[in-house]
Amino acid sequence: LIGITDVDPLTFDLLFERFLNPERVSMPDFDIDFADNRRDEAIEYVREKYGDDHTAQIITFGTMAARAVIRDVGRALDMSYGEVDSVAKLIPKELNITLEDALKNKEFHEKYASSHDIRKLVDISRALEGMPRHASTHAAGVVITERPLSELVPLARNNGITVTQFDMNTVAELGLLKFDFLAIRYLTVIDSCEKLIKAKDPSFSLSDIRLDDKATYQVISKGDTDGVFQLESPGMKQMLQQLKPESIDDIIAAIALFRPGPMSSIPKYIEARHKGGEVEYPSPLLKPILDSTYGCIVYQEQVMQIFCSVAGYSLGHADIVRRAISKKHADELMREKDAFIDGAESHGMARADAEKLFKDIEDFAKYAFNKSHAVVYAVTSYRTAYLKTHYKVEYNCALITSVLSSTDKICEYLADCRKKGIAVLPPDVNNSRTDFSAENGAIRFGLAALKNVGVAFIDQLVAERESGGEFKSFDDFFSRMEKHGLNKRQAETLIKAGALDCLGVYRSRMLAVFEQLLDHRGSSDKMEGQLDFFSAMDADELSVPETAFPEIPEFTTAEKLKMEKEVSGMYLSVHILDDYKENIKALSPASVSSILKAFGDEGTEEYRENQTVCICASVLSRSDKNTKSGERMSFVTVEDGTGEIELIVFPKIFALYSHLLTVDSPVALVGKISIKDDEAPKLILNEGVFLSHDGKAPSYPPSMQPKVKEKEKGEMKLYLRVPSLDSEEFSRVSAFLSIFSGIVPVVVYDAKTKKPSALKGSGASVNSFTVKELQEMLGEENVVIK
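Just so you know, these numbers come straight off a predicted model, no measurement behind them. (Residues numbered from 1 in each chain as written. Predicted model: local features only at pLDDT ≥ 70, side-chain atom pairs only at ≥ 80, totals over all residues. Heavy atoms only, no water.)

Peer 1: Quick rundown of the overall build of the protein chain? Include the residues and the values.
Peer 2: When helices and strands are counted, the protein chain shows 33 helices and 21 strands. Within the protein chain, contacts between residues separated by at least 24 positions form 67% of all contacts whose residues are at least 6 apart in sequence. Summed over all atoms, the accessible surface of the protein chain reaches about 38,500 Å², with 51% contributed by carbon and sulfur. (Helix = DSSP H or I, 4+ residues; strand = E, 2+ residues; numbered from the N terminus. Contact = heavy atoms within 4.5 Å. Areas by Shrake-Rupley, 256 points an atom, 1.4 Å probe, with all protein chains shown as cover.)

As structure tokens, this is what we get:
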């Protein structure tokens, strides 16, 4: 894996010529990680160098997976959404699960047998499952050949791009060279941060930082890793708090361990690292291979070494096994089982131990890193953590700039900055730059995050300010920027955002005259070559009257905030909830962003479907509807500074709380999380109340906070069935939950004595990751949440 922040033609040429050499050893896959803003340029360079006849992107086929095929077939059969949804939701959320596997699940099988229509739905879906659903272009895959592509693979055109008609696996099997130009946002973040630091310290160089900085490891060990590459998921944070890394080797191991394959080894690794002592091995041949990782298989290279040293494989044969693991080809790995066990036995290992070792390798192969990959990731992780530790403002500026297309992420990162005492300054035409920038220990809002302004215009604004000095007045700004194409929409956005407040005029007055001013200036522009009486006069002799503003009052704070939200998607000067901070703190509410994260790609937060939560938010919008029975209900959008979420307010609750749900109202709300596939989480409202201003006694119902906490703790329990309390399974589960602890009580059922007992110590963190891992350890039927 190579990390490159700029396109380097020499590097490309060396790599490509090396692998295109006819004498080369077959090596069809090669990954290159680029900063986001360089990937397209890299692909274009390849096309220009080798020509369209020798390069093409790879086509991908979307297959009909279990849940998707149920929904597609349900639509084709004209079944109701609710009926189809109830079937799809019963399919266990497991990687690569099939409908055949799902039918082994008791609830799904009962649903299947419950009616003729559902049986028909599932049977047709089983026939179609796995077939291509659609074709698209691989986002990063590029094939490069020494002969014209048309001589080697069938081609097609997809949205103007030449693509192969074979998918990536077939292309690789043919022995063709396939490059994946991946995009890592954090390479852009690092590069941008380094430039910001160099602006005040030209001698700074990221390559000079030491890899043994204690302050950086302290931040990582605390789990304070939001915005740190590879280390920001909740599960990873918990592991880091247990592991307490002290060196780059610890981070390398952590990144490699936190994968589905070696995940079960985490407790053993952490315990051995902290306690030390000798690790027992079934064969002395394993000690030099696994000693550095405390007896745990962590890297693909270790598997290669085991196959060579323990089973007598050649390096070439062992690399075939490693590639089967890296490509997740379980069938290829299983074909090696007998040869491995026979080879290990011939090298002095007991057959039972060899079988167990192969089983460990099989589990490891579900998803595992090679060490070189983990090293590059770990160095990138360390560098981001170092910058976050020692250059907080510059790093957060770069981090926020990297997510300009996502208002939710900007809000989330800005809220985190404010929590940590980093001031966020509003947009300002005399101080802001295109991107977020560092200013006297604070973050200055970047103008590119505003809607309807445009990066090209902002770049011109900054250039004009740097060449001609600060804008001194409203008229000065308009006269200087009209030559750069300032239009009404851009002017309105800048005024509403408060970016022209520095010119000393109320926003209300600027909004009252800006259109007339632009119209007047536009109509008075001289035609090319036109002369008038004033053409012969010097500029000093001209007296241009200043704009006359109407004597009207300034907007209220609420009106300003509403306009800021309109043009930026967030509140810029203050937040509606700022006056309620102390009383919000007393409620310990969930943040909207954490709820949304729980059901996003990571899915590792402390929230689940139907969980009751409390949030404190302001109302953005409301849409009332009539039910079929004529009762009123409502759909309300609220936000808390970290994100937005929709409330569903059913008739009975609507009658009780509709008076609270007016636009801009600051409210505390209690509701249940509702989830539908392919939709963002929603809250079904149960209870609500106006927030109390700081300094005033809270008027919240006394039951609100205790009620929420009781439900979080008492509404759900995790039940685990183990062979016995002295079994290996129980030991592994206990160690695992000591790391991924949480608020949910755990009840362990001893199958030997047939007695349940509460797990001593803390409860469990229940989320998709922990549940899946527990199911892997104990079997799906032995993990129940009620």
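Peer 1: Tell me about the pairing of strand S4 (residues 132-144), residues and numbers included.
Peer 2: Bridge count between strand S3 (residues 55-63) and S4: eight bridges; the pairing is antiparallel. Within S4, the position partnered with Gly-62 by the bridge is His-134. Relative to strand S7 (residues 177-184), S4 runs antiparallel, the two being bridged by four bridges. Within S7, the position partnered with Ile-144 by the bridge is Leu-177. (Pairing = 2+ DSSP bridges.)

Peer 1: Which residues make up empty space enclosed by the protein, and what values do they have?
Peer 2: Considering all chains together, one arrives at four cavities of 30 Å³ or more under this definition. Roughly 40 Å³ of internal volume is contained in the largest cavity. Leu-414, Arg-418, Val-424, Leu-425, Pro-426, Pro-427, Phe-445, Met-570, Tyr-571 and Leu-572 together form the lining of the largest cavity. Elements that contribute at least two residues to the lining of the largest cavity include exactly helix H22 (407-419) and strand S8 (424-425). Here the lining of the largest cavity is built from residues that sort into nine nonpolar, no polar and one charged. (1 Å grid on protein atoms, 1.4 Å probe; cavity = no way out; pocket = protein on both sides within 12 Å on 5 of 7 lines; lining within 4 Å. Points joined across faces, edges and corners; volume = space filled by probe spheres on them. Nonpolar A, V, L, I, M, F, W, Y, C, P; charged D, E, K, R; others polar.)

Peer 1: Explain the sheet that holds strand S13 (residues 644-649) to me, using residue names and the numbers behind them.
Peer 2: Taken in spatial order, the five strands line up as S11-S12-S13-S15-S14 and close into a barrel, and their pairing is mixed. Averaged over all pairs of adjacent strands, the angle between strand axes in this sheet comes to 55°, irrespective of strand direction. Both strand S11 (residues 612-626) and strand S12 (residues 632-639) contribute to a ladder of eight bridges, which runs antiparallel. For Arg-622, the partnering residue across the bridge sits in S12 and is Val-636. (Axes fitted to C-alpha atoms, helices over the stretch in contact; angles between N-to-C directions.)

Peer 1: If you had to explain the sheet that holds strand S16 (residues 718-722) to someone new, which residues and values would you point to?
Peer 2: The sheet built from four strands is open, its strands ordered S19-S18-S16-S21 with mixed pairing. Strand pairing shows two members of the sheet lacking a second neighbour, strand S19 (755-758) and strand S21 (783-785), which therefore form its edges. Adjacent strand axes in the sheet meet at a mean angle of 25° when their direction is disregarded. Bridge analysis of S16 against S21 gives three bridges, and the strand direction is antiparallel. The partner of Leu-720 across the bridge, within S21, is Val-783.

Peer 1: Got a sec to walk through unusual backbone geometry? Specific residues and values, please.
Peer 2: Backbone geometry places Asn-452, a non-glycine residue, at a positive phi of 65°. Relative to the helices and strands, Asn-452 resides in the loop between strand S10 (442-444) and helix H23 (455-468). If you check the backbone angles, Asp-664 has positive phi at about 75° while not being a glycine. Within the element layout of this structure, Asp-664 appears in the loop between helix H30 (651-657) and strand S14 (666-674).

Peer 1: Describe the pairing of S13, listing the residues and the values that go with them.
Peer 2: With six bridges joining them, S12 and S13 adopt antiparallel strand pairing. Counterpart to Ser-634 in the pairing with S13 is Val-649. Counted along the chain from S12 to the antiparallel partner S13, the turn is four residues long, and its residue Gly-641 has a positive phi close to 95°. As paired strands, S13 and strand S15 (residues 682-690) are joined by three bridges and run parallel to one another. Residue pairing across strands places Glu-646 opposite Lys-682, the latter belonging to S15.

Peer 1: I'd like a description of the side chain of Ser-593, backed by residues and values.
Peer 2: Tracing the backbone through its elements, the reader meets Ser-593 in helix H29 (residues 592-598). Residue classification places Ser-593 among the buried positions, given a relative accessible area of 11%. (Buried < 20%, exposed > 50% of the residue type's maximum accessible area, 1.4 Å probe, protein only.)

Peer 1: A description of helix H13 (residues 266-275) should follow, citing residues and the corresponding values.
Peer 2: Taken together, the buried positions of H13 are Ile-266, Pro-267, Tyr-269, Ile-270, Ala-272 and Arg-273. Contacts from the buried residues of H13 go to helix H11 (234-243), helix H12 (248-257) and helix H32 (728-739).

Peer 1: Quick rundown of the packing of aromatic side chains? Include the residues and the values.
Peer 2: Tallied over the full model, the rule gives 15 aromatic pairs. Consider the rings of Phe-204 and Tyr-391, whose centres lie 5.3 Å apart with planes at 65°: the pair is edge-to-face. With Phe-204 in the loop between helix H9 (185-200) and helix H10 (214-221) and Tyr-391 in the loop between helix H20 (371-390) and helix H21 (392-401), the pair connects residues that are 187 residues apart, well separated along the chain. Summarising the burial analysis for this pair, Phe-204 and Tyr-391 share the class buried. With a centroid separation of 5.8 Å and 80° between ring planes, the pair formed by Phe-477 and Phe-478 is classed as edge-to-face. Put simply, the rings of Phe-471, Phe-474, Phe-477, Phe-478 and Phe-549 touch in pairs and so form one group of aromatic residues. If you follow Lys-49 out to its NZ or CZ, it ends over the ring of Tyr-50, 5.4 Å from the centre. Between the NZ or CZ atom of Lys-565 and the centre of the ring of Tyr-571, over which it lies, the distance is 5.5 Å. (Phe/Tyr/Trp six-rings, centres within 6.5 Å; stacked < 30°, edge-to-face > 60°. Lys NZ or Arg CZ within 6 Å of the ring centre and 35° of its normal.)

Peer 1: Which residues make up the packing of helix H6 (residues 106-114) against helix H7 (residues 116-128), and what are the values?
Peer 2: The interhelical angle for the contact between H6 and H7, taken along N-to-C directions, is 115°, at an axis separation of 6 Å. In this view, H6 runs roughly perpendicular relative to H7, as classed from their interaxial angle. Each of Phe-108, Lys-111, Tyr-112, Ala-113 and Ser-114 in H6 lies in contact with H7, whose residues at this interface are Ile-118, Arg-119, Val-122, Asp-123 and Arg-126. Looking at side-chain class alone, the contact of H6 with H7 contains five nonpolar, one polar and four charged residues. (Parallel < 35°, antiparallel > 145°, perpendicular 65-115°, else oblique.)

Peer 1: Which residues make up the side chain of Arg-185, and what are the values?
Peer 2: Residue placement: Arg-185 occurs in helix H9. Of the buried charged residues, Arg-185 lacks a salt bridge, with Glu-232 as the closest side chain of opposite charge at 4.6 Å. Non-local contacts of Arg-185, meaning those with residues more than four positions away in its chain, are made with Asp-36, Leu-399, Ser-402, Val-403 and Tyr-413. (Lys, Arg positive; Asp, Glu negative; His and termini not counted. Salt bridge = Lys/Arg side-chain N within 4 Å of Asp/Glu carboxyl O.)

Peer 1: Explain the confidence of the model for the protein chain to me, and be specific about the residues and the numbers.
Peer 2: Mean pLDDT over the protein chain: 83, with 88% of residues reaching 70 or higher. Across residues 1-5, confidence stays below pLDDT 50; counting only partners more than four residues off in sequence or on other chains, it has 22 contacts. (pLDDT = per-residue confidence, 0-100.)

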